[in-house]
Amino acid sequence: MQWSLVVPVKTLARAKSRLSDTADDAVRPDLALAFALDTVAAALAGPAVADVAVVTDDPRAGRELAALGARVVADEPGGGLNAALAHAVAAVRAVRPHAPVAALNADLPALRPTELTRVLENAAEFPRAFLPDAAATGTTLLAAAPGRELRPFFGPGSRRAHRTSGAVELRLAAVDSVRQDVDTGADLRAALALGVGPRTAAAVARLLIAEQ
Ligand SMILES: Nc1nc2c(ncn2[C@@H]2O[C@H](COP(=O)(O)OP(=O)(O)OP(=O)(O)O)[C@@H](O)[C@H]2O)c(=O)[nH]1
Ligand SMILES: C=C(OP(=O)(O)O)C(=O)O
């Protein structure tokens, strides 16, 4: 079964505020973009994904992610993350109405295509399913079968919100790369330990050189 994914990317200048003690205002946009590029490149590399739509209003992110092969959908004005996702799902379903859809966070720089494939194969067993993040309080992926509404409740405490909404929690071993989102310096170290993609590796190297 081939999936359509929607990946939300906030305006880069405002992204990753919780990384401000690790990366200052001048370099954080580059780091956030590197995470998104490595996430989308890995997602497009797997056999289970047919289509990735990035929902963003950021021109640079849109340009660089489109160059990887993603489609770019504009944000729903003033709506925030969940409105942007619902809007992007409607856009991808207009193109591929019979495909299952999943929202995937853009901050998974260690993402492995094989692990994402396994998560999607398991998600395909349910009308709606989600994968909790590494911290076990949030969500990195929320999936909906063809014809089902996604009903995203991303944000603080989204694991509980998705569970309460009736989505099935996927309990899978060995999918750490799909769960390891990066919000803090400690998360970034954990992602580096798993092994990040080339754009994040380069951005982190630039960060370390700038600090010397
Ligand atoms: N398109 C879009 N994406 C968003 C929006 N808000 C958040 N996102 C994305 O949704 C995911 C989770 O976002 P947040 O945790 O709110 O923000 P963040 O930039 O990752 O981190 P913080 O600034 O530290 O909260 C990331 O992939 C963001 O880029 C929005 O309003 N529109
Ligand atoms: C929006 C979410 O992710 P983050 O950890 O980036 O806040 C979430 O977990 O619902």
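As a reminder, the structure under discussion sits directly above these lines.
Residues numbered from 1 in each chain as written. Chains lettered and ligands numbered in written order. Predicted model: local features only at pLDDT ≥ 70, side-chain atom pairs only at ≥ 80, totals over all residues. Heavy atoms only, no water.

1. Structural notes on unusual backbone geometry
- Residue A136 is not a glycine yet carries a positive backbone phi of 65 degrees.
- The residue A136 is located in the loop between β5 (128–132) and β6 (139–144) in this model.
- Here the phi dihedral of R151 falls at roughly 50 degrees; this positive angle occurs in a residue that is not glycine.
- When you line up the elements, R151 lands in the loop between β6 and α5 (158–164).
- R151 sits in the partly exposed class, given a relative accessible area of 37%. (Helix = DSSP H or I, 4+ residues; strand = E, 2+ residues; numbered from the N terminus. Buried < 20%, exposed > 50% of the residue type's maximum accessible area, 1.4 Å probe, protein only.)

2. Topic: the site of ligand 2
- Around ligand 2, the neighbouring residues are R18, L81, N105, D107, G138, T139, F154, G155, S158, D181 and D183.
- R18 places a side-chain nitrogen or oxygen 3.1 Å from an oxygen atom of ligand 2.
- Of the residues contributing to the shell around ligand 2, the split by class is two nonpolar, five polar and four charged. (Near = heavy atom within 4 Å. Polar contact = N/O pair within 3.5 Å; in protein donor to acceptor, adjacent residues only side chain to side chain. Nonpolar A, V, L, I, M, F, W, Y, C, P; charged D, E, K, R; others polar.)

3. Considering the site of ligand 1
- Neighbouring ligand 1 are 14 residues, the closest being K10, K16, S17, R18 and D75.
- Contact distances for ligand 1 include 2.9 Å between an oxygen atom and a backbone N or O atom of P8.
- The protein chains hide 83% of the 610 Å² of surface that ligand 1 would expose on its own.
- For the shell around ligand 1, the elements supplying multiple residues, two or more each, are β1 (3–9) and α3 (80–95). (Areas by Shrake-Rupley, 256 points an atom, 1.4 Å probe, with all protein chains shown as cover.)

4. Looking at the pairing of β5
- Burial of β5 is extensive: five of the five residues sit out of reach of the surface.
- Burial along β5 is two-sided: R128, F130 and P132 facing one way and A129 and L131 facing the other are all buried.
- Bridging between β5 and β6 involves five bridges; their strand directions are antiparallel. Its bridge partner lying in β6, L131 is registered against L141.
- Linking β5 back to β6 in an antiparallel pair, the connection comprises six residues, with A136 at a positive phi of about 65 degrees.
- Bridge count for β5 against strand β7 (residues 168–169) is two bridges, and the pairing is parallel. Paired with A129 across the strands is V168, a residue of β7. (Pairing = 2+ DSSP bridges.)

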